[in-house]
Structure formats: C-alpha cells, structure tokens
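# Observations on the model geometry
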Amino acid sequence: MEIQTNEIVRFIKELVHIPSPSGNTEAAIHYMKAFFEKNEVPFKITNKGALLATIKGEDDTKHRLLTAHVDTLGAMVKEIKSDGRLKLDKIGGYYWNTVEGEYCTIHTSKGDRFSGTVLMHQTSAHVYKGMGDLKRDEKNIEIRVDQEFHSKKDAEEAGVSVGDFVSFNPRFDETEGGFVKSRHLDDKASVAILMHLVNEIQKTSTKLPFTTHFLISNNEEIGFGGNSNIPEQTVEYLAVDMGAIGDGQTTDEFTVSICAKDSGGPYHFGLRKHLVELAEKNGIDYKVDIYPFYGSDATAAIRAGADVVHGLIGPGIDASHAYERTHIKSLEHTANLIKTYLHSNLV
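Residues numbered from 1 in each chain as written. Predicted model: local features only at pLDDT ≥ 70, side-chain atom pairs only at ≥ 80, totals over all residues. Heavy atoms only, no water.

This part covers the packing of aromatic side chains. Per the stated rule, a full pass over the model turns up seven aromatic pairs. Both rings, one in F11 and one in F35, keep their centres 5.8 Å apart while their planes meet at 80°; by these two values the pair is edge-to-face. With F11 in helix α1 (residues 5–16) and F35 in helix α2 (residues 26–38), the pair connects residues that are 24 residues apart, well separated along the chain. Here F35 falls in the buried class, since its relative accessible area comes to 8%. Counting every residue linked through ring pairs, the aromatic cluster contains F11, F35 and F36. (Phe/Tyr/Trp six-rings, centres within 6.5 Å; stacked < 30°, edge-to-face > 60°. Helix = DSSP H or I, 4+ residues; strand = E, 2+ residues; numbered from the N terminus. Buried < 20%, exposed > 50% of the residue type's maximum accessible area, 1.4 Å probe, protein only.)

For the rest of this paragraph, the subject is the side chain of R183. You can see R183 is positioned in the loop between β11 (179–182) and α4 (185–203). Sequence-distant contacts of R183, defined by excluding residues within four places in its chain, comprise V16, T98, V99, E102, F168, N169, P170, R171, A322, Y323 and E324. (Contact = heavy atoms within 4.5 Å.)

Under the feature "active site" (unreviewed entry), the UniProt entry names E220. In this structure, E220 sits in the loop between β12 (210–217) and β13 (234–240). Judged by relative accessible area, E220 falls into the buried class, the value being 9%. (UniProt positions renumbered as here; feature names shortened; annotations may be inferred.)

Ranked by internal contacts, the top residues of the largest apolar core, which has 71 residues, are I12, M32, F36, L66, L337 and I338. Here the element with the most residues in this core is α4; it accounts for 10 residues. Discounting residues that sit within four places of it in the chain, L66 has contacts with L194, T212, H213, F214, L215, L238, V240, I338, Y341 and L342. (Core = buried A, V, L, I, M, F, W, Y, C linked by side-chain atoms within 4.5 Å.)

Printed below as a string of structure tokens:
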C-alpha cells in the first residue's frame, strides 16, 4: 500500500472548507459519515456527535483505537454593538492577534450566513494614533459584518444574535514546493491521513491483525473530544494530531512527530518506544518531542479514567492555532508510521 499524498491533500482541502468550530461540527461529521458509507465501513454517531467507525481485525478480542478531530478553533457572538458590529468570545485556545484581519463567516441560528472581517475597532491608522500599541483582546477585537448594518437593531432584524457561531476562512493553498498552508490543519490534516489509509485498506481488502476503531472526534479543541465511547476491548489508544513547532522543539514540517509528554504528563513509554522502533526499522523520518502547552484527546481519555495504553503522533504543523503550514513529506511519514503501526503487534 503506497501512500498517495495527492489524495491526502485533496481530503485536507475538502475538510478545511467545511466550517466546524467546536460545538458546530455537524457538517464535518456528515462529510465523514458519507466517506465511511462509501467505503462500507460500519460506524455509529455518538450522543456527543462524534463518529466511531470500526474495521474488524483477525483478533477481535483486543482492539486498537485511533482518533483525530474535525472540530476547529472559532468564535461566538458575545454582543451586538450599537453600530451593528459584533464582539466575540473565543472557542478554543488561541490569541486574538492570530486572527486579526481574517475573513470569517457568521452562522445564524436560522441558518443564514454573513461574511465579515475580524478587526481591531481602532484599525484605521488615519484616525487612531498608536493603534498598533493597543491590546488585541475581546474589548478591542470585533467583526465588521459585510451587511448594511447601522445599528444593533439592523443586525438583530437580519437574524444575528448572541450565541451565533463564527468560523474563520481557511485560505487553503498548496505550493509547488510541497507546502500545504491553511487554517485548521489542526487537526484536519490528520483526519485526511486516516481517510487515505481507510481508503487503501478497503480498496485492497487488507486484513488488519486487530480490530481497529477510528474515532472522529468533535470536541478536542475544548478538551473532551475523545474521552468517551471507547470500546471496552480497546487496549491501545493512539491520538493522531499535530506536532507543534517552535523554539526548543525538535518537530519540523518534514517528519512525523512522536510525542513523549504533553501538559497532561508522559505518554506510555512502551508505546512510544514501539513507534520509534517501527519508524527506524521502516526508514520513516521522525522526531520525538515534548509539548508543554498541549493536551490531546488521548490525554483527555486518560484523565477520564480510560484503562488504555496511550500515545500521540502527527505531522509537524508550523504556526499552530494561527495560519498553519505543513509539508507533504510530513504527511507521508505520518501516514507511513500509522500504516506500519496498524500491522504491528500490540505493545
């Protein structure tokens, strides 16, 4: 089974253009539902709105579970201002400066959509002296809606209300040099990798050694996406999420990142060693790293009391929780490590 990065990138492009901030992920889950139906993989939708698909293996007494999440960062309308502009409350962990100037969409409870731009209230340099020194926070950041709103009443009459979801436009781009740039690569790049692997498993009628579940989580960005609906036979739980890049980190955009520890503590040492051995034996480029300000769905599962061996790997993502970027080499190495892992023995 050869990894086709062009298919992975195609899936990424389709996924990032489906708005799915945490709490409003139905469209993305519907997309995943159609994918698993097409591939004739049985699945169920959980009460929390996630999707759990299962491929039966040769051994059905001990199971593996892999998870990746379709929910993304976003916002919610906190207040409609007197001039018809909108104040926001964040969904997920990011800083306001990372979305300043971004195009966005307001999703009303009635199903209407309005485009807009996330801006500082004091954006005009011709009016506000020293505007660059002002704090980027919920007091100063607002949405300029692309509608003729002159007042709060105008916005309300158009159907805008407190609690409406706001999604940020992805600005997807693929460069000739193999870079993929987009918002929401966290974690739709990993979802796309799992989709490609499931495609190939089903297309080639490949038999996995152990029954394997694919949990498409929808609440990871708010901390509790993958902590439930874990089948009791599951003994290994592998989160597939981004590798964070920055000063002091080993992770880069060209390898697969294997996490040793995050904000929740060390990952299972035996599983980590197993993943490293698989990478080295199969010529897969990898980096081992620690993410001090990061918690995955695997961490959420352990905190919820799941009795599993847990691990975390993923493609290296630059500028995480901002305008993100990775490379097809990282996607390929991540996919190859997962493929190899799926055919390996349990730890």
